[in-house]
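# Reading the structure
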Amino acid sequence: MFDYDFKEEEFRRNLTICEQLQRKSRRGKGKNVYHAYSNVNIDLWFILHKEDFNRPVTSNDAYIADVRRIYGLGRESDIKEKANLEKILKQITLEDVKRAIRRAEQIRDSKLESDRFMVGSFTCYENPDFSLHEFLKIVLFDCGEL
């Protein structure tokens, strides 16, 4: 699980490592390896639990005001501080997670071919984009929730 965070080289390296681990585990009949990324960062994922949102951003802090508004945090609150993360997570239900998955799928479905780029065999898109929702669909399906 990782964010893009406007760190292109690190993002590509992380996906390449995931692909290598996935191939290795298939050959060894091991556990499946999945990647779960967010482009640009996890902040949009928090927003998608509660609202439709499909705006590309150019800075890593672009979603913070919306996260604060949606989850009732103070104007200067650090959304990554443990107490604030706990406050956010307490407001997210399983149905919210399912809605976030649907919203992430809608974002992906709205992408143009020109938004696409490949990292190894993985198809990625310019922000906003996720693979986090794909991973969570697998988890929820395995738990009988989808």
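Residues numbered from 1 in each chain as written. Predicted model: local features only at pLDDT ≥ 70, side-chain atom pairs only at ≥ 80, totals over all residues. Heavy atoms only, no water.

### Some words on the overall build of the chain
For the chain, the count of helices and strands is six helices and five strands. Traced from its N-terminal end to its C-terminal end, the chain shows the element sequence β-α-β-α-α-α-α-β-β-β-α. A compact globule built from 146 residues should have a C-alpha radius of gyration of about 15 Å, and the chain, at 16 Å, falls within 12% of that. Across its three principal directions, the C-alpha atoms of the chain cover 50 × 35 × 30 Å. In the chain, which comprises 146 residues, the proportion classed as buried is 43%. Surface accessibility of the chain: about 8,600 Å² in total, with carbon and sulfur atoms responsible for 50%. (Helix = DSSP H or I, 4+ residues; strand = E, 2+ residues; numbered from the N terminus. Rg over C-alpha atoms; globule rule 2.2 N^0.38 Å. Buried < 20%, exposed > 50% of the residue type's maximum accessible area, 1.4 Å probe, protein only. Areas by Shrake-Rupley, 256 points an atom, 1.4 Å probe, with all protein chains shown as cover.)

### Notes on the sheet that holds strand β1 (residues 2–3)
Taken in spatial order, the three strands make up an open sheet running β1-β2-β5, and their pairing is mixed. Single-partner strands in this sheet number two, and they are β1 and β5 (129–130). For β1 and strand β2 (residues 37–39), the ladder comprises two bridges, and the chain directions are parallel. Bridged to D3 within β2 is S38. (Pairing = 2+ DSSP bridges.)

### Topic: the pattern of salt bridges
Oppositely charged side chains are able to pair whenever their charged atoms sit close together. By the definition in use, this model includes 17 salt bridges. Put simply, D66 and R69 hold a salt bridge, and the shortest N to O gap is 3.2 Å. One end of the pair is D66 and the other is R69, both in helix α3 (residues 64–70) and three residues apart, which spans about a single turn. Here R69 falls in the partly exposed class, since its relative accessible area comes to 47%. One network of salt bridges, in which partners are shared, links E51, R55, D66 and R69. (Salt bridge = Lys/Arg side-chain N within 4 Å of Asp/Glu carboxyl O.)

### Looking at the packing of aromatic side chains
This structure, assessed with the given rule, holds eight aromatic pairs. A connected cluster of aromatic rings, assembled from ring pairs, spans F2, Y4, F6, F11 and Y37. (Phe/Tyr/Trp six-rings, centres within 6.5 Å; stacked < 30°, edge-to-face > 60°.)

### With respect to the packing of helix α5 (residues 94–109) against helix α6 (residues 132–142)
In contact at an axis separation of 9 Å, α5 and α6 are set at 135° when each is read in the N-to-C sense. Classed by the angle they form, the pair α5 and α6 counts as oblique. Where α5 crosses over α6, the two elements pack in a sense that is left-handed. Across the interface between the two elements, L94, V97, K98, I101, A104, E105 and R108 from α5 touch H133, E134, L136, K137 and L140 from α6. (Axes fitted to C-alpha atoms, helices over the stretch in contact; angles between N-to-C directions. Parallel < 35°, antiparallel > 145°, perpendicular 65-115°, else oblique. Left-handed = near helix turned anticlockwise from the far one by under 90°. Contact = heavy atoms within 4.5 Å.)

### A few points about the environment of K82
Within the secondary structure, K82 sits in helix α4 (residues 82–90). Exposure remark for K82: the relative accessible area of 62% places this residue in the exposed category.

### What to know about the nonpolar core
Counting residues in hydrophobic clusters, the biggest one holds 28 residues, and the most contacted among them are W45, L48, Y71 and F130. Counting residues per element, the ones that place at least two in this core are α2 (42–48), α3, α5 and α6. At six residues, α2 tops the list of elements feeding residues into this core. Within the second largest apolar cluster, ten residues are counted, among which are F11, L15, Y37 and F122. (Core = buried A, V, L, I, M, F, W, Y, C linked by side-chain atoms within 4.5 Å.)

### Some points on unusual backbone geometry
Cis geometry is adopted by the peptide bond preceding P128, which originates at N127 and carries an omega value of 0°. Here P128 shows up in the loop between β4 (122–125) and β5. Of note, the phi angle at D5 is positive, near 55°, even though the residue is not glycine. Position of D5 among the secondary structure elements: in the loop between β1 and α1 (8–27).

The values reported here are purely geometric and, on their own, carry no functional implication.
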